[in-house]
Amino acid sequence: MEAYYIVNDPNDPLAAQATEIRKHDYLFWKEVKPDLEDDFDISCHTLATRTGLSERRTRDITMALYRLTELPLTMALQEKYYFLDFSRLITIDAVLSKLGDIPGEILERLDQELARYLTPAKPGQVLPSNTNLRRKLNGLIAVENPSPKKDQAPKKIQSLTAKTTPILPTPASAGRPD
């Protein structure tokens, strides 16, 4: 028997109908997403106005679709099963966006591992949640970039403490010059 996620159960009319809704939604947004040459803000504003969704949601959907084009194996799975809703596609984009400009060879490896992770292995398998998808991607990123730049973490910590904890002179240091 062919492997599938519960959300794609061919013997479950509800799952089949939900798959059709995800497919229709995905194909709709793929068709109306702005071209790269278009003014992104104006296009998202227009889409938001015409669809009734927020501008943020239209931006997130659009960016998720552009990200998916950079992940051809994952995109092929999506276009075979239509199992990923926009919430999951946006999660993928959000996690990968933290990396900024990703070199092609790293993006290719991430796509291979993500596609492997998202390929159902048995009938009636549970689709990974957004949380599990985020964890998996963060784990894959950690393998690709195991040691973040040394100056990144201290700056974040420093700026947090500077905003929340004022440095007050102690009685022993009050009279000492800096």
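Parameters and conventions
- Residues numbered from 1 in each chain as written.
- Predicted model: local features only at pLDDT ≥ 70, side-chain atom pairs only at ≥ 80, totals over all residues.
- Heavy atoms only, no water.
- Helix = DSSP H or I, 4+ residues; strand = E, 2+ residues; numbered from the N terminus.
- Buried < 20%, exposed > 50% of the residue type's maximum accessible area, 1.4 Å probe, protein only.
- Contact = heavy atoms within 4.5 Å.
- Phe/Tyr/Trp six-rings, centres within 6.5 Å; stacked < 30°, edge-to-face > 60°.
- Lys NZ or Arg CZ within 6 Å of the ring centre and 35° of its normal.
- Expected span 1.5 Å × (residues − 1).
- pLDDT = per-residue confidence, 0-100.
- Core = buried A, V, L, I, M, F, W, Y, C linked by side-chain atoms within 4.5 Å.
- Salt bridge = Lys/Arg side-chain N within 4 Å of Asp/Glu carboxyl O.

This paragraph deals with the overall build of the protein. A count of helical and extended segments in the protein gives 8 helices and 0 strands. Listing every helix and strand of the protein by position from the N terminus yields α-α-α-α-α-α-α-α. Looking at the 178 residues of the protein, the share that counts as buried comes to 32%. Counted over contacts in the protein with a minimum sequence separation of 6, partners at least 24 positions apart contribute 68%.

Attention shifts here to the environment of proline 34. One can find proline 34 in the loop between helix 1 (13-32) and helix 2 (40-51). A relative accessible area of 5% places proline 34 in the buried class. Each C-alpha atom, one on proline 34 and one on methionine 63, is 10.0 Å from the other, the two residues being 29 residues apart in sequence. Aside from chain neighbours lying at most four places away, what touches proline 34 is Ser43, Leu47, Thr62 and Tyr66.

All told, the structure shown has 4 aromatic pairs when counted by the stated rule. Through a chain of ring-to-ring contacts, three or more aromatic side chains come together here, namely Tyr5, Tyr81 and Phe83. Residue placement shows lysine 33 over the ring face of tyrosine 66; its charged tip is 5.1 Å from the ring centre.

It is worth spelling out helix 5 (residues 86-97) at this point. Over its 12 residues, helix 5 extends 16 Å from the first C-alpha to the last, a length consistent with the 16 Å expected when each residue adds 1.5 Å. Counting buried positions along helix 5 yields 9 of 12 residues, so the element is predominantly enclosed. Within the sequence span of helix 5, burial applies to Phe86, Arg88, Leu89, Ile90, Thr91, Ile92, Asp93, Val95 and Leu96.

With that settled, consider the confidence of the model for the protein. Any region with low pLDDT has predicted coordinates that should not be read closely. The predicted model of the protein averages 85 in pLDDT, with 81% of residues at 70 or higher. A low-confidence stretch, residues 150-178 stays under pLDDT 50, and its non-local contacts, those more than four residues away or across chains, total 1 contact.

Here the focus is the environment of tyrosine 5. Inspection of the secondary structure assignment puts tyrosine 5 in the segment before helix 1. Spatially, the C-alpha atoms of tyrosine 5 and leucine 118 are 9.6 Å apart, while their sequence positions differ by 113 residues.

This part takes up the nonpolar core. Tyr26, Phe83, Phe86, Ile92, Leu96 and Leu137 are the most contacted members of the largest nonpolar core, which has 33 residues in total. Looking at this core, the elements that each hand over two or more residues are helix 1, helix 3 (55-69), helix 4 (72-81), helix 5, helix 6 (104-118) and helix 7 (130-144). In contact with isoleucine 92, not counting residues within four places along its chain, are Leu71, Leu84, Leu114, Leu133 and Leu137.

On inspection of all chains with the given rule, the structure shows 9 salt bridges. The shortest N-O distance in the salt bridge between aspartate 41 and arginine 59 comes to 3.2 Å. A residue pair is termed long-range when its members are at least 10 positions apart, and aspartate 41 in helix 2 and arginine 59 in helix 3 qualify at 18 residues. We classify aspartate 41 as partly exposed; its relative accessible area is 46%. With its nearest N and O atoms 3.7 Å apart, the salt bridge here joins aspartate 60 to arginine 56. In this pair, aspartate 60 and arginine 56 both sit in helix 3, 4 residues apart, roughly one turn of the helix. Several salt bridges converge on common partners, so that one network encompasses Asp41, Glu55 and Arg59.

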